[in-house]
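Understanding the architecture of this molecule
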Amino acid sequence: MAEKFHATGLSSWLQHLENGVAGGEIEMGLARVGAVRDQMGLKPVCPLIVVGGTNGKGSVCAYLTQIYHEAGYRVGTLTSPHLLRFNERIAINGEAVADDLIVSAFEHIETARAEIPLTYFEFNTLAAVDVFIRQQVDVMILEVGLGGRLDAVNIFDADVAVITSVDLDHEAFLGDTVEKVAFEKAGIMRAGKPVICAQIPVPHSLSSHAAEVGADLLLFGRDFDCHKMEMQQWSYRFHPQESSLYTGEHARHALPIPVLRGNFQLSNAACALTVLECLSERLPLDIGAIKRGLLRVRHPGRFQVLPGRPVTVLDVGHNPHAARALRSSLIALPYAEKRMAVFSMLADKDIDAVLEIIKDQFDCWLIAPLALPRGMTVQALQQKFIQHNITAVTAYPDVKEAYQAALSEAGENDRIVVFGSFHTVAEIIDLSSR
């Protein structure tokens, strides 16, 4: 039997997991992590929500977390990746849990897995559910890390599944067409359970898989929708058309515009409210909790506008779908005299599509490498900008120096946008928090 790993603290555990898989070579599939789940006896008894999608899933998790917390429920939320601390991935009532809870969960996993190898994210997922069960949460919200069908989260059966959007990303793993990606994301569906989808139009592979497994597909625009109104308000309507589980109509009016910025946030909020409808018998709440949740929700790095002048926007968008959403939201902002981008990206992302989509929104670019194995070098970044005929580009040794240069150059009527990767934004959040 392989010697078990023992660590004195969370940092040692994370270093161990980041150094490679625990226990040997990894085969694709859910059999390994499912076996460890069974050995640990992880059987959630509270409602469980699984949220997938190319973009928007983190925002939906944030809305659900805050609204259920405002209603008085104890909420466990798994998200990824983190911005500053690993603990952000495992939260109760929106607050990162303490090191000792995670270390205890890792120890439970290490004992249970015997000779079974597990990846970093599989440890992460099992640890989160272990913590949530031991902390006796009233509802679990699990964000899919990659795809859906083969993601570790999918070893748990969703009472409600959400697929926010479908577009190309992680193509080496999920496929090079939207239909292939949609099929992978559809894997989180369960027979006789609702699955909420905001993608318009709905991919054929997604709708056909729902029919094949017997999931109750609820579509944005057909079964639920939202409308922006005057006076910074919006309305939501749940009117299932082809559902086998729900009948009738339920509307909510005079809702406050969510505090999260971006043109896409009403769609994300509407997905969250549809989850509330689906679980209303098990987790009842009042309109006050919804309104408070929309106004108090927190989700750093998602079109986050920092206080003060010049206007500074932080956005973790790193794929073409996110670039289109960012472009739309930037267009809606007030006029800026000079539009500056602080930018870096990982080498395995589609930088060509991102630059082509959003290059007309900036007057100058301040670029820098990311000090990561997957980060693009400054030379590779510069070559991409040349290929896309973007000439107002200045390179810096790192993202923090590029951002500080932007601040020193910008006037109060200018705008700085930091984007391209979670890692790019994390460096600026870390700098701003000091």
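Our structure's up above, just so we're on the same page.
Let us look at the structure shown here. (Residues numbered from 1 in each chain as written. Predicted model: local features only at pLDDT ≥ 70, side-chain atom pairs only at ≥ 80, totals over all residues. Heavy atoms only, no water.)

1. Overview of the packing of aromatic side chains
Given two aromatic rings, one states the distance between the centres and the angle between the planes to describe the pair. According to the stated counting rule, one finds 15 aromatic pairs in the structure shown. Ring centres of Y68 and Y73 lie 5.9 Å apart, and the angle between their planes is 80°; this geometry places the pair in the edge-to-face category. Geometrically, the ring pair formed by F362 and W365 is edge-to-face, given 5.0 Å between the ring centres and 65° between the ring planes. Its relative accessible area of 7% is what places F362 among the buried residues. By the ring-pair criterion, three or more aromatic residues cluster together here, those being W13, F86, F106, Y120 and F123. (Phe/Tyr/Trp six-rings, centres within 6.5 Å; stacked < 30°, edge-to-face > 60°. Buried < 20%, exposed > 50% of the residue type's maximum accessible area, 1.4 Å probe, protein only.)

2. What to know about the sheet that holds strand β6 (residues 160–163)
Read across the sheet, 8 strands follow the order β4-β3-β2-β5-β1-β6-β7-β8 without closing on themselves; strand pairing throughout is mixed. Each edge of the open sheet is held by one strand with a lone partner, namely β4 (95–96) and β8 (216–219). Sheet analysis places strand β7 (residues 194–197) next to β8, joined by 4 bridges and oriented parallel. Bridge pairing links C197 to L219 in β8. (Pairing = 2+ DSSP bridges. Helix = DSSP H or I, 4+ residues; strand = E, 2+ residues; numbered from the N terminus.)

3. Focus on the nonpolar core
I90, F106, I109, L126, F132 and L206 are the most contacted members of the largest nonpolar core, which has 55 residues in total. Ranked by residues supplied to this core, first place goes to helix α5 (residues 120–134) with 8 residues. Among all residues touching I90, those that are not within four sequence positions of it are T77, E95, A96, V97, I102, N124, A127, A128, V131 and F132. Counting 41 residues, the second-largest nonpolar core is a separate cluster that includes Y68, I196, A269 and A272. (Core = buried A, V, L, I, M, F, W, Y, C linked by side-chain atoms within 4.5 Å. Contact = heavy atoms within 4.5 Å.)

4. Focus on helix α12 (residues 351–358)
Every buried residue of α12 is listed here: I351, V354, L355, I357 and I358. For α12, the angular spread of buried residues about the axis comes to 165°, placing them on one side. As for α12, its buried residues are in contact with α11 (320–331), β14 (339–343), β15 (364–367), α13 (378–387) and β17 (415–419). (Arc of directions from axis to C-beta.)

5. Some thoughts on the side chain of R190
As for its position among the elements, R190 is in the loop between α7 (178–185) and β7. Of the polar contacts made by the side chain of R190, one reaches the backbone oxygen of G187; its length is 3.3 Å. A polar contact is formed between the side chain of R190 and the backbone oxygen of I188, at a distance of 3.5 Å. Every residue in contact with R190, bar those within four places of it in the chain, is listed here: N154, F156, D157, A158, G214 and A215. (Polar contact = N/O pair within 3.5 Å; in protein donor to acceptor, adjacent residues only side chain to side chain.)

6. Examining the environment of Y68
Relative to the helices and strands, Y68 is located in helix α3 (residues 57–70). Between the C-alpha atom of Y68 and that of A272, which follows or precedes it by 204 residues, the distance is 11 Å. Residues contacting Y68, with those up to four places away along its chain left out, are I49, Y73, V75, V139, V275, L276, L279, L283 and L285.

7. Things to note about α13
When we look at burial in α13, the residues that qualify are V378, L381 and F385. Down the axis of α13, the buried side of the element spans an arc of 60°, and every buried residue falls inside it. Summarising the geometry of α13, the exposed residues directed more than 90 degrees from the buried face are Q379 and I386. Those residues of α13 hidden inside the fold are in contact with β14, α12, β15 and β16 (393–395). Remark: N389 follows α13 within two positions and exhibits a positive phi of approximately 55°.

8. Some thoughts on the sheet that holds strand β12 (residues 304–306)
Taken in spatial order, the 6 strands make up an open sheet running β12-β13-β17-β14-β15-β16, and their pairing is mixed. Edge positions in the open sheet fall to β12 and β16, since each of these has one partner strand only. Ignoring which end each strand starts from, the neighbouring axes of this sheet average 20° apart. Sheet topology places β14 next to β17; 5 bridges connect them, and they run parallel. (Axes fitted to C-alpha atoms, helices over the stretch in contact; angles between N-to-C directions.)

9. Re the environment of T424
Tracing the backbone shows T424 in helix α15 (residues 422–432). Setting aside anything within four residues of it in sequence, one finds T424 in contact with V342, S344, M345, L370, V399, V418 and F419. In this structure the side chain of T424 is engaged in a polar contact, spanning 3.1 Å, whose partner is the backbone oxygen of S344.

10. Some details on the packing of α12 against α13
Where α12 meets α13, the closest approach of the two axes is 10 Å, and the angle between their N-to-C directions is 50°. Taken together, the axes of α12 and α13 are oblique relative to one another. Where α12 crosses over α13, the handedness of that crossing is right-handed. Residues I351, D352 and L355 of α12 form the contact with α13, whose own contacting residues are L381, K384, F385 and Q387. (Parallel < 35°, antiparallel > 145°, perpendicular 65-115°, else oblique. Left-handed = near helix turned anticlockwise from the far one by under 90°.)

11. Some thoughts on the pairing of strand β9 (residues 224–229)
Pairing between β9 and strand β10 (residues 233–238): 6 bridges, direction antiparallel. Considered in β10, the bridge of F224 is made with F238. As consecutive antiparallel partners, β9 and β10 are separated by 3 residues, and within that stretch M231 has a phi angle of approximately 65°, a positive value.

12. Focus on the environment of H318
On the secondary structure map, H318 appears in the loop between β13 (311–315) and α11. Accessibility expressed as a relative area gives 15% for H318, which makes it buried. Remark: the alpha-carbon pair of H318 and V354, spanning 36 residues in sequence, is separated by 7.6 Å. In this structure the side chain of H318 is engaged in a polar contact, spanning 3.0 Å, whose partner is the backbone oxygen of V316.

13. Re the pattern of salt bridges
Across all of its chains, the model carries 22 salt bridges by this definition. Between R190 and D157 there is a salt bridge, with the nearest N and O atoms lying 2.6 Å from each other. Separated by 33 residues along the polypeptide, R190 in the loop between α7 and β7 and D157 in the loop between β5 (139–143) and β6 bring together distant segments of the chain. A relative accessible area of 18% places R190 in the buried class. For D363, the salt bridge is made with R339, and the minimal N-O distance between the two is 3.1 Å. (Salt bridge = Lys/Arg side-chain N within 4 Å of Asp/Glu carboxyl O.)

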